[in-house]
Amino acid sequence: AYRKGGYHAVRIGDPFNGGRYIAQRKLGWGNFSTVWLAYDTKSSKFVALKIQKSAAEFAEAALHEIQVLSAIANGNPSDSKCVIRLIDQFKHSGPNGQHLCMVLEFLGDSLLRLIKHNRYKGLPLNKVRELCKSILMGLDYLHRELGIIHTDLKPENVLLVSTIDPSKDPEKSGLTPILERPEGNPNGGVVSNAIEKKLKRRARKAVAKIALRRDSMGGIKVREKKSLDGIDLRCKVVDFGNACWADQQLAEEIQTREYRAPEVILGAGYSFSVDMWSFACMAFELATGEMMFAPKCGQGFSEDEDHLARMMEFLGKMPRKVAITGSRSKEYFDRHGDLKRIRRLKFWSLDRVLVEKCNFNESDAREFTDFLSPLLDFAPDKRPTAEQSLQHPWLEIKSPNPSEEEKEDFGKLAVGMTNLQFEVGR
Ligand code: ADP
Ligand code: MG
């Protein structure tokens, strides 16, 4: 995809925007872009540089994303809203065309990586509470103050926040920015393999040090195996590539499959409450390590119908009134409000799933279900808003002393976290 209209090839040490930003190493990529760790020589801070593919349709998508990110930044001067901050934007011309670039604050690993590296066992509930609070604050800001629907909320799109700033305290973090292109790499030419390898190793070490020291792990050395106790886990909502203003909806089919709300499957229109549905699916996944709904197609039924069936098995039968209101309702439901092709459902309530499948104790299961199930109401209007959810008693931190098991958990989690950064730069 490094061709006309495609990605822009970047080398370590490449300058951007008249030399203000210097590429350090690759952080990740999406369908539309590559994302680089860069050093901002103006603010002496590390930033994330998102470089869009150059073709017209990608440029258009990036312009929309910049519009949304600008609105988000304008309403958030104190940076208290748990959403990613846009720092700058510019155009960059390369051999594959002109690329729109976004400069974003540099954040840590995604919640998906956190879940993976905790070996899909689920995080300690107090940590889930902290993460949920941040996400809900982000959603409340987007929904109530800006009128924006995220439409693609999932663990991949929530990143951990670091409060230790390596650029303010470079000595402590041991991170030295790479400030210029190495010799033998003029104007993006080819760097010798040896130099490139050396630079990559250096950048990798530097990023690993950030991971070791940042707040997602309380800045503690991982080998000490400390518990998560007393460490504020904070996170921010990112990836506004699909976000829209509620009164200017662009797509009918939104959200990633597993986090998709029933009204979207049924083609019944949507609003802010689709994000609340995804949020609940994500909270379940954080607490259990497993996806709440992982539908598959089978003989004689589609992925959509299986998805609807699974929802009803966990949450009870969909009220007929809700089931028959969508433009696609007739594909799945008969006139009685029963699924056409999946006739026998195995009903299983949420708190039983938590106890029997996920080893929750009875009271944890009851309390968590009390928080989650209103968010998973089939009727979108009945779901609590982010503002209302923030008031729920489940979010209050319980039992400040972590159990031995929780301490053990964090030991593993932290070790996982150090590995993370080594995997990122493929
Ligand atoms: P796309 O819209 O192309 O999917 P994303 O915004 O999701 O791009 O970014 C792609 C990946 O880059 C993310 O999954 C993440 O790993 C990394 N990334 C994006 N933004 C940041 C950031 N601000 N800080 C650190 N890593 C980031
Ligand atoms: Mg993405």
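None of these values were measured; they are calculated from a predicted model.

Enquirer: Even after reading the chapter, I still don't get the overall build of the protein chain, so can you show me in this structure?
Expert: Per the secondary structure count, the protein chain includes 14 helices and ten strands. Within the protein chain, buried positions represent 42% of all 426 residues. Contacts spanning at least 24 positions in sequence make up 68% of the contacts within the protein chain whose residues lie at least 6 apart.

Enquirer: Sorry if this is basic, but what is going on with the sheet that holds strand β1 (residues 15–16) here?
Expert: Note: strands within a sheet are paired through backbone hydrogen bonds, in either parallel or antiparallel orientation. Spatially, the six strands line up as an open sheet ordered β1-β2-β3-β4-β6-β5, and their pairing is antiparallel. The sheet is open, and its two borders are formed by β1 and β5 (86–94), each paired with just one other strand. The pairing of β1 with strand β2 (residues 21–29) spans two bridges and is classified as antiparallel. If you follow P15 over to β2, its bridge partner there is I22. Each of β4 (45–52), β5 and β6 (97–105) touches helix α1 (residues 56–74); the most contacted strand, β6, lies at about 25° to it.

Enquirer: What should I look at first to understand the UniProt feature "binding site: ATP" (unreviewed entry) in the protein chain in this one?
Expert: The UniProt record annotates "binding site: ATP" (unreviewed entry) at K50. Tracing the backbone shows K50 in strand β4. C-beta crowding within 10 Å serves as the criterion here: with 29 such atoms nearby, K50 is assigned to the buried category. Setting aside chain neighbours within four positions, we find K50 in contact with S33, V35, C101, M102 and L104.

Enquirer: Please clarify how unusual backbone geometry should be interpreted in this entry.
Expert: Its identity is not glycine, yet T151 carries a phi of approximately 70°, on the positive side. If you trace the backbone, T151 turns up in the loop between β7 (148–149) and β8 (158–160). When the 24 C-beta atoms within 10 Å are taken as the criterion, T151 is described as buried. Located in the positive-phi region is N359, a residue other than glycine, with phi close to 60°.

Enquirer: Help me understand the site of ligand 1 in this model?
Expert: Surrounding ligand 1, one finds 21 residues, the nearest of these being G28, G30, V35, A48 and L107. Those elements giving two or more residues to the shell around ligand 1 turn out to be β2, β3 (33–40), β4 and β6. Among the residues making up the shell around ligand 1, the classes are represented as eleven nonpolar, six polar and four charged.

Enquirer: For this particular structure, what's the right way to read helix α12 (residues 362–372)?
Expert: One turn of an α-helix holds 3.6 residues; hence residues three or four places apart share an orientation. Those residues of α12 that fall on the buried side of the exposure criterion are A365, F368, T369 and L372. The buried residues of α12 occupy an angular sector of 105° when projected down its axis, which confines them to one face. Close packing links the buried residues of α12 with α7 (273–288) and α11 (350–356).

Enquirer: Mind showing me how you'd approach the packing of helix α3 (residues 125–146) against α7 here?
Expert: If you want to describe how two helices pack, look at the angle between their axes and the distance between the axes. Two elements in contact, α3 and α7, have axes whose closest approach is 10 Å; the angle formed by their N-to-C orientations is 160°. Judged on the interaxial angle alone, α7 and α3 are roughly antiparallel. Taken as a pair, α3 and α7 cross one another with a handedness that is right-handed. Contact residues: L125, V128, L131, C132, I135 and L139 in α3; D275, F279, A283, L286 and A287 in α7.

Criteria and cut-off values
For every chain, the first residue of the written sequence is number 1, and numbering continues from 1 along that sequence. Note on labels: chains are lettered from A, ligands numbered from 1, in written order. In view of the model being predicted, local features appear only for residues whose pLDDT reaches at least 70, and side-chain atom pairs are presented and counted only at 80 or more, with totals across whole chains, interfaces and linings using the full set of residues. Each helix is a run of H or I in the DSSP string that is no shorter than four residues. Each strand is a run of E no shorter than two, and both are numbered from the N terminus. With C-beta atoms placed from the backbone, a residue counts as buried when 20 or more other C-beta atoms lie within 10 Å of its own, as exposed when 12 or fewer do, and as partly exposed for counts between those limits. Here the contact rule is simple: place C-beta atoms from the backbone, and any two residues whose C-beta atoms are within 7 Å are in contact. DSSP calls a pair of strands paired once it identifies at least 2 bridges connecting them. Only the stretch in contact is used when fitting a helix axis, every axis being a line fitted to C-alpha atoms; angles between N-to-C directions are given from 0 to 180 degrees. UniProt positions are given in the numbering used here, feature names are shortened, and annotations may be inferred rather than shown by experiment. In this entry, near means the residue's backbone-placed C-beta atom lies within 6 Å of the molecule or strand. For this classification, the nonpolar set comprises Ala, Val, Leu, Ile, Met, Phe, Trp, Tyr, Cys and Pro, the charged set comprises Asp, Glu, Lys and Arg, and every other residue, Gly included, is treated as polar. As used here, the arc belongs to the directions running from the helix axis to the C-beta atoms. Note on angle classes: values under 35 degrees are labelled roughly parallel, values over 145 roughly antiparallel, values of 65 to 115 roughly perpendicular, and the remainder oblique. We call a crossing left-handed when the near helix sits turned anticlockwise from the far one by less than a right angle, and right-handed when that turn is clockwise.

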